[in-house]
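Topology and contacts: notes
One-letter residues, chain by chain:
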Amino acid sequence: MTPTTASALTSQAAARGSGSTRVYNFGAGPSTLPEEMIRQIQSDIYDYAGTGMGILELSHRGKEYDAIVAEIDRDVRSVGNIPADYDVLFMTGGATSQNYIVPANLLPEGATADHIVTGHWAQGSFDDAKQYTSCHNSGATVHSAYHGGGDKFAHLPADSEICYSKSPAYVHMTSNNTLYGTQWLDAQGRTRLPNVPAGAFLVSDGCSDFFWDEMDVSKFGLIYGGAQKNMGTAGTTFVIVRKDLVARASKAIPRMLQYGLFSKEESRPNTPPMFAIYTVGLMVKWVRSQGGLKAMGQRNRMKAGLIYDALDRHAGTGGFYLPHAAKADRSMMNITFKCAAGPAMDDAFVAGAREHGMDVLKGHRMTGGMRASTYNAMPVEGCRALAEFIDDFARRKG
Ligand SMILES: *Cc1c(COP(=O)(O)O)cnc(C)c1O
């Protein structure tokens, strides 16, 4: 391999400030956090707000945690522009557990849930909901309204490609498909939603893009996700849910699965994952300090654009790179691509990037190739460094 010092790339030290041991972490989740937030966590672990106790040691019934809970609720609502008739809940079990918690609460006897299957996690949501209905035996069913496996989940459906059942209770979608690198966007790069049948509400797995940009939350019945991608650290699941749905959710399920219980008990019916919830609070404050969701969206489109432009300079017929997603459906959060020369070149890319201080670029084991995750906390400079490396690598190896 060409010695990296011979390339024109920005060195890691120059990019991060000399003395930094940190790399640009392009991991899909858990993912990178803002540097100033990590410093805050370091200090709060030792002594939280002058209490003489660390954040990991506080009581979940104490007044410090009371204040944290109240503040997070306020901040998530104001920064996320979440209407008053929605609950902001923090649960456990990850996004994956919502695959059965959603139907357990919101799919009545004999009703149908329609799923738009646009990737790996969407498939998991469909499979788990189906498994739940079959073991719960309530006559409820799950219907696949669209399945994108035919083109390896490279594009997202137009409304005309979706076949809903007669009168679904709700429609489940996955707003950003983390493995395949597609995201529901319109021509302006803003969140796009499918048109759902009258009477149905929309449930979105927003695990890998919630808070990526401004969004009209009132279009959804429920949005959920694990915090570890764009919202904080692993350990808690955010659930944004309309209050009337909580009110009419099933009570004939185990208590700890009930949205109503979490709503009534301020997301602490038992000992909650306080540290993870606290990190969501820090993340939301950080987003506000960066100008809020509107600024976040603009910056995220610009960041992803730097990387897609670099790939496109070396793509197309006979090109060096093969971007996976259809252009119109490209994710602003997870950028997926391969080297045309094959897996050995992919490995060389990942290794070369690591030498330049950019890590966790290997694609998911199901897709191969590369994946660059550019969530809110990934700095512009990280994306610029990767774009330069993409250009440089293609020139050297092409
Ligand atoms: C990561 C991910 C999940 C799984 O999240 P867990 O919190 O690990 O259960 C589900 N859906 C999407 C879209 C994801 O990106």
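All values derive from a computational prediction rather than experimental measurement. (Residues numbered from 1 in each chain as written. Predicted model: local features only at pLDDT ≥ 70, side-chain atom pairs only at ≥ 80, totals over all residues. Heavy atoms only, no water.)

**Some points on the site of the ligand**
Defined as follows: Throughout, the term near means that a residue has one or more heavy atoms lying within 4 Å of the molecule or strand in question. Distance and chemistry together define a polar contact, namely a pair of N or O atoms within 3.5 Å, with one atom able to donate a hydrogen and the other to accept it when in protein, and with adjacent residues in sequence counting only for side-chain atoms on both sides. Each accessible area is a Shrake-Rupley result for a 1.4 Å probe, and residues are judged covered by the shown protein chains and nothing else. Elements are defined by DSSP. Helices are runs of H or I of four residues or more, strands are runs of E of two residues or more, and each kind is numbered from the N terminus.
By nearness alone, 13 residues border the ligand, and Thr-96, Thr-178, Asp-205, Gln-228 and Lys-229 come closest of all. Measuring from an oxygen atom of the ligand, one finds a backbone N or O atom of Ala-95 at 3.0 Å. Surface burial for the ligand is 86%, taken as the share of its 390 Å² of free accessible area covered by protein chains. At three residues, helix H4 (residues 94-106) tops the list of elements feeding residues into the shell around the ligand.

**Comments concerning the packing of helix H10 (residues 343-355) against helix H11 (residues 380-397)**
The condition is simple: Simply put, an axis is a line fit to the C-alpha atoms, just over the touching stretch for a helix, and the angle between two N-to-C directions goes from 0 to 180 degrees. Throughout, the term roughly parallel applies to angles under 35 degrees, roughly antiparallel to angles over 145, roughly perpendicular to angles from 65 to 115, and oblique to all others. By convention, the crossing between two helices is left-handed when the near helix turns anticlockwise from the far helix through less than a right angle, and right-handed when the turn is clockwise. Should any heavy atoms of two residues lie within 4.5 Å, those residues are considered in contact. In this classification, Asp, Glu, Lys and Arg are treated as charged, Ala, Val, Leu, Ile, Met, Phe, Trp, Tyr, Cys and Pro as nonpolar, and every other residue, Gly included, as polar.
Contact geometry for H10 and H11: axes closest at 11 Å, N-to-C directions at 130 degrees. Regarding the angle of H10 to H11, the classification is oblique. Both H10 and H11 take part in a crossing whose hand is right-handed. Judged by residue contacts, Met-345, Ala-348, Phe-349, Gly-352 and Ala-353 of H10 engage Leu-386, Phe-389, Ile-390, Phe-393 and Lys-397 from H11. A breakdown of the residues in the contact of H10 with H11 according to their chemical character gives eight nonpolar, one polar and one charged.

**Considerations on the sheet that holds strand E14 (residues 370-373)**
As a reminder of what qualifies: Two strands qualify as a pair provided that DSSP identifies no fewer than 2 bridges between them.
Taken together, three strands build an open sheet; the order of strands is E11-E12-E14 and the sheet is antiparallel. Only two strands of the sheet have a single neighbouring strand rather than two, namely strand E11 (321-323) and E14. When strand polarity is set aside, the average angle formed by the axes of neighbouring strands in this sheet is 30 degrees. As defined by bridge partners, strand E12 (residues 334-339) adjoins E14 across four bridges and the pair is classed as antiparallel. By the bridge assignment for E14, Asn-334 is matched with Ser-373. Across the sheet, H10 touches E11, E12 and E14, and the angle it forms with E12 is around 130 degrees. Each of E11, E12 and E14 is contacted by H11, which is oriented at about 135 degrees to E11, the strand it contacts most.

**Details of the pattern of salt bridges**
Put simply, the rule is: Any carboxyl oxygen of Asp or Glu within 4 Å of a side-chain nitrogen of Lys or Arg constitutes a salt bridge here. Any residue under 20% of the maximum accessible area for its type is buried, any over 50% is exposed, and the rest in between are partly exposed; the area is computed with a 1.4 Å probe on protein chains only.
Using the criterion set out here, one finds 19 salt bridges in the structure. A salt bridge links Glu-71 to Lys-285; the shortest N-O distance between them is 2.3 Å. Placement of the pair is Glu-71 in helix H3 (residues 63-80) and Lys-285 in helix H8 (residues 274-289), with a sequence separation of 214 residues. For Lys-285, a relative accessible area of 29% puts it in the partly exposed group. For Arg-268, the salt bridge goes to Glu-266, with nearest N and O atoms at 2.7 Å. On the basis of relative accessibility, which here comes to 5%, the residue Arg-268 falls in the buried class.

**Examining the sheet that holds strand E4 (residues 141-147)**
Taken together, the seven strands give an open sheet; going across it, the order is E2-E10-E9-E8-E5-E3-E4, and neighbouring strands pair in mixed fashion. Edge strands, defined here as strands with exactly one partner in the open sheet, are strand E2 (86-91) and E4. Averaged over all adjacent pairs, the angle separating strand axes in this sheet is 20 degrees, with direction ignored. Across the sheet, helix H5 (residues 120-136) touches strand E3 (112-117), E4, strand E5 (170-174), strand E8 (201-205) and strand E9 (222-226), and the angle it forms with E4 is around 160 degrees.

**Points about the nonpolar core**
The condition is simple: To define a nonpolar core, start from buried Ala, Val, Leu, Ile, Met, Phe, Trp, Tyr and Cys residues and group those joined through side-chain atoms within 4.5 Å. The source of the domain bounds is an automatic or database domain assignment.
Residues Ile-82, Phe-210, Phe-211, Met-231 and Ile-240 are the most contacted members of the largest nonpolar core, which totals 47 residues. Elements that contribute at least two residues to this core include exactly helix H2 (35-46), H3, E2, E4, E5, strand E10 (237-242), H8 and helix H9 (292-312). Ranked by the residues each element gives to this core, the list is headed by H8, at nine residues. Mapping this core onto the domain boundaries places at least three of its residues in each of domain 1 (6-38 + 292-397) and domain 2 (63-288). Beyond its immediate stretch of four places on either side in the chain, Phe-210 contacts Ile-82, Met-215, Ile-223, Asn-230, Met-231, Phe-238 and Ile-240. Formed by 35 residues, the second largest nonpolar core is a distinct cluster that contains Met-332, Ala-353, Tyr-375 and Ala-387.

**Digging into the environment of Lys-294**
The residue Lys-294 is located in helix H9 in this model. Given a relative accessible area of 44%, Lys-294 falls into the partly exposed group. Remark: the alpha-carbon pair of Lys-294 and Met-215, spanning 79 residues in sequence, is separated by 9.1 Å. Residues contacting Lys-294, with those up to four places away along its chain left out, are Asp-213 and Glu-214.

**Looking at the domain arrangement of the protein chain**
When the parts of a complex come together, some accessible area is lost, and that lost area is often taken as the interface size. What counts, and what does not: Values labelled buried area give the accessible surface lost by two parts on being combined, using a 1.4 Å probe and summing over both.
According to the domain assignment, the protein chain contains domain 1 (6-38 + 292-397) and domain 2 (63-288). Computed over C-alpha atoms only, the centres of domain 1 and domain 2 are separated by 28 Å. Opposite the 35 residues of domain 1 that make contact, domain 2 presents 38 residues. Summed over the three residues of domain 1 that lose the most area to domain 2, namely Met-37, Leu-293 and Asp-329, the buried surface amounts to 22% of that side. At the junction of domain 1 and domain 2, the tally comes to one salt bridge. Salt-bridge contacts for Asp-213 lead to Arg-301; the nearest nitrogen and oxygen are separated by 2.9 Å. Viewed at the interface, domain 2 and domain 1 are joined by 20 residue pairs in polar contact (both at pLDDT 80 or more). Counting residues per element, the ones that place at least two in the side of domain 1 that touches domain 2 are H2, H9 and E12. Considering every element that reaches the side of domain 1 that touches domain 2, the biggest residue donor is H9, with nine residues. Looking at the side of domain 1 that touches domain 2 residue by residue, the class counts come to 16 nonpolar, twelve polar and seven charged.

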